[in-house]
Amino acid sequence: MAIRYIDDIIAIRGGAMGDFILTLPAINALRLGFPQANFSLIGNPALLSLAQADRTFDQNSALFASLYSHSAEFSPATREIFAQVDLLLAYAVDPDGVFESQLKSLVRGRVIIFDPRPSPQSQSHIIDHLLKPLKLCRIPVVHTRPRIDQEFIDHAYALETIQFKRSSIPLLIIHPGSGGRHKRWPLKHFIKLIDVLNEKSIQVAVLVGPAEAAMLHELKADLPTSCPVLAPPGIPQLAGLLASADLYIGNDSGPSHLAAALDTSTLVLFGPTNPQKWSPRGTSVRVLQAPTGDLNALEIDSVQEAIFELLA
């Protein structure tokens, strides 16, 4: 059923960086479909600026605690947020229906609760799954890959931390981490790969975040001194760093999705997860999947060959 006369929209999307980036085509379609509407986002505050919104709210705010209990009382501030909403789309798992019931008691317009998890049998890409509620409402979808507003990107961090700016030497950024250990190519393989790249006069920087804290000692002990280890202070700085690279290499992780969304040439190493469903979408993305889904079996030579093909 088509939706018309929309003046106020709220989209709710929690989850980690990769989850949010994969939802950007749906969020942007809402924004483009109703450009005159007041558009609000509820989610992880560190990620919300990746999309353009008139208002943003922290999903963990006390304002929203009452949405998860039938017996909870709504505060006046909570009622005010939802009172004028014509369309609310929430990507959420709501097995007992409490979340949907509470929202419907607040929202005057249409409430759509959509499970962001695809069925195990589905072979569709996750982005196409997340676009389904928009298509059901006949909201036009122009872009089916994530797009990052250039105004969001902070290039200053990259300029400050990568002192060399090469006219002919390629810059590779490698992210050896991921949220799940089973999705990580062995760190010793990354370190050996970096040694090979240095021998080829290719400059490499290693990207780390909070999830890679346990790797830092080994990284700093085994990496060549010419290879900086960088920890951007925020996502805008991370975006600027990834945008500066000639090639990004990483596992199935949030930064890999961000690199692809920035149109940086991206090589992603997949193990047990299905790249047909979960690979980043971008203009220059290549996936290497480990034999039998075991990243320990993905050989360094295969990764090295893919790197030189992409650089060429």
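Residues numbered from 1 in each chain as written. Predicted model: local features only at pLDDT ≥ 70, side-chain atom pairs only at ≥ 80, totals over all residues. Heavy atoms only, no water.

Engineer: What should I look at first to understand the sheet that holds strand S6 (residues 171-175) in this one?
Structural biologist: For sheets, the rule is that strands pair by backbone hydrogen bonds, running either parallel or antiparallel. What the six strands build is an open sheet, ordered S8-S7-S6-S9-S10-S11; its pairing is parallel. Edge positions in the open sheet fall to strand S8 (229-230) and strand S11 (285-289), since each of these has one partner strand only. In terms of strand pairing, S6 meets strand S7 (residues 203-207) through four bridges, oriented parallel. Opposite Leu171, over in S7, you have Gln203 as the bridge partner. Its contacts with the sheet put helix H10 (residues 254-261) on S6, S7, strand S9 (247-251), strand S10 (266-270) and S11, and the angle it makes with S9 is roughly 150°. Against the sheet, helix H12 (residues 300-311) engages S6, S9, S10 and S11, with an angle of about 170° to S11. (Pairing = 2+ DSSP bridges. Helix = DSSP H or I, 4+ residues; strand = E, 2+ residues; numbered from the N terminus. Contact = heavy atoms within 4.5 Å. Axes fitted to C-alpha atoms, helices over the stretch in contact; angles between N-to-C directions.)

Engineer: Would you mind going over the packing of helix H9 (residues 235-243) against H10 with me for this structure?
Structural biologist: Where H9 meets H10, the axes come as close as 9 Å, and the angle between the chain directions of the two elements is 60°. Relative to H10, the element H9 lies oblique. When you trace H9 past H10, the crossing you get is right-handed. When H9 is examined against H10, the residues Ile235, Leu238, Ala239 and Leu242 are found in contact with a partner set consisting of Pro255, Leu258 and Ala259. Along the lines of polarity and charge, the residues of the contact of H9 with H10 split into seven nonpolar, no polar and no charged. (Parallel < 35°, antiparallel > 145°, perpendicular 65-115°, else oblique. Left-handed = near helix turned anticlockwise from the far one by under 90°. Nonpolar A, V, L, I, M, F, W, Y, C, P; charged D, E, K, R; others polar.)

Engineer: For this particular structure, what's the right way to read a negative patch on the surface?
Structural biologist: On the surface, Asp195, Glu199, Glu218 and Asp222 cluster together into a patch of negative charge. Relative to the helices and strands, Asp222 is located in helix H8 (residues 216-222). (Patch = residues over 30% accessible without salt bridge, like charges linked within 9 Å, V, L, I, M, F, W, Y side chains within 5 Å. Areas by Shrake-Rupley, 256 points an atom, 1.4 Å probe, with all protein chains shown as cover. Salt bridge = Lys/Arg side-chain N within 4 Å of Asp/Glu carboxyl O. Lys, Arg positive; Asp, Glu negative; His and termini not counted. Charge placed at Lys NZ, Arg CZ, Asp CG, Glu CD.)

Engineer: So what exactly am I meant to see when it comes to helix H3 (residues 98-106) here?
Structural biologist: At 3.6 residues per turn, the α-helix brings residues three or four places apart onto the same side. Burial in H3 covers these residues: Val98, Phe99, Gln102, Leu103 and Leu106. For H3, the angular spread of buried residues about the axis comes to 125°, placing them on one side. Looking at the buried side of H3, the elements it contacts are strand S1 (8-13), helix H2 (76-82), strand S4 (87-91) and strand S5 (110-114). (Buried < 20%, exposed > 50% of the residue type's maximum accessible area, 1.4 Å probe, protein only. Arc of directions from axis to C-beta.)

Engineer: Whenever I open this one, H10 confuses me. Can you help?
Structural biologist: Across the eight residues that make up H10, a large majority, eight, are buried. Inspection of H10 places Gly254, Pro255, Ser256, His257, Leu258, Ala259, Ala260 and Ala261 among the buried residues, and these make up the whole buried set. Downstream of H10 by one or two residues, Asp263 has phi in the positive range, about 65°.

Engineer: Got a minute to help me understand the environment of Ile153 in this structure?
Structural biologist: Looking at where Ile153 falls in the secondary structure, it is placed in the loop between helix H5 (132-136) and helix H6 (156-161). Looking at Ile153, the relative accessible area reads 9%, which means it is buried. Distance from Ile153 to Asn60, taken between C-alpha atoms, is 25 Å for residues 93 residues apart in sequence. Once residues within four sequence positions are removed from consideration, Ile153 is found in contact with Ile148, Pro236, Ala239, Gly240 and Leu262.

Engineer: Mind showing me how you'd approach the side chain of Asp86 here?
Structural biologist: Topologically, Asp86 is positioned in the loop between H2 and S4. On the basis of relative accessible area, Asp86 is assigned to the buried category, the value being 14%. Aside from chain neighbours lying at most four places away, what touches Asp86 is Tyr5, Ile6, Asp7, Asp8, Arg108, Gly109 and Arg110.

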